[in-house]
Amino acid sequence: MVEADCTSPHEVRAFRADELEKKMPNNTEALCPKCHAPNFKPWPDLDRDEQIAAMARPTKYTRTQRKKHRICTRCWFEQSDPKTDLA
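Residues numbered from 1 in each chain as written. Predicted model: local features only at pLDDT ≥ 70, side-chain atom pairs only at ≥ 80, totals over all residues. Heavy atoms only, no water.

Once that is clear, we can look at the pattern of salt bridges. Taken as a whole and assessed by the stated rule, the structure comprises two salt bridges. The salt bridge partner of E50 is K41, with a shortest N-O separation of 3.3 Å. What makes E50 buried here is its relative accessible area of 16%. E78 is the salt-bridge partner of R66, the closest N and O atoms lying 2.9 Å from each other. In this pair, R66 sits in helix α3 (residues 63-66) while E78 sits in strand β3 (residues 78-80), placing the two residues 12 residues apart along the sequence. Accessibility classification places R66 together with E78 in one group, the buried group. (Salt bridge = Lys/Arg side-chain N within 4 Å of Asp/Glu carboxyl O. Buried < 20%, exposed > 50% of the residue type's maximum accessible area, 1.4 Å probe, protein only. Helix = DSSP H or I, 4+ residues; strand = E, 2+ residues; numbered from the N terminus.)

Below, the structure written as C-alpha cells:
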C-alpha cells in the first residue's frame, strides 16, 4: 500500500518552479536566438559528438572560425561569439 503524499498544491508548484530555475541558464547568452532553447554553447563546451555533428554541417566558415562560434545543439544555429570578436 502506498501512503498519500501530504504536500499542498502550493508546495508542489514552488518545488517545480525551483527545479525549472535550476535547469534554465542564468543569462540570456546561453539561449539560442533562433529556437530559444538553453543549448547555445561555445565550441569548447561542446562534447566530442556535438563537435563532430557541428563540423558535418555545411557552412562558409573555416574550421578555425567555427571554433570561435556559439552553436545550438538543438537546431544547430551558429553565431560568432561576441566575446571572441572583441579580442
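Right, let's get into the environment of C35. On the secondary structure map, C35 appears in the loop between α1 (9-23) and β1 (40-42). Taking relative accessible area as the criterion, C35 reaches 21% and is therefore assigned partly exposed. The sequence separation of C35 and W76 amounts to 41 residues, and the corresponding C-alpha distance is 9.6 Å. Setting aside chain neighbours within four positions, we find C35 in contact with C72, R74 and C75. (Contact = heavy atoms within 4.5 Å.)

With that out of the way, let us pick up unusual backbone geometry. In the Ramachandran plot, H36 falls in the positive-phi region, its phi being about 65° despite a non-glycine side chain. Looking at H36, the relative accessible area reads 57%, which means it is exposed. Of note, W76 is a non-glycine position whose phi angle comes to about 65°, a positive value. Considering the arrangement of structural elements, one finds W76 in the loop between β2 (69-72) and β3.

Below, the discussion takes up the side chain of E78. With relative accessibility at 18%, the residue E78 sits in the buried group. Within the structure, the side chain of E78 is placed 2.9 Å from the side chain of R66, a separation counted as a polar contact. Here H69 takes part through its side chain, which lies 2.8 Å from a polar atom of the side chain of E78. What E78 contacts, discounting residues up to four positions off in sequence, is T59, Y61, R66, H69, R70 and I71. (Polar contact = N/O pair within 3.5 Å; in protein donor to acceptor, adjacent residues only side chain to side chain.)

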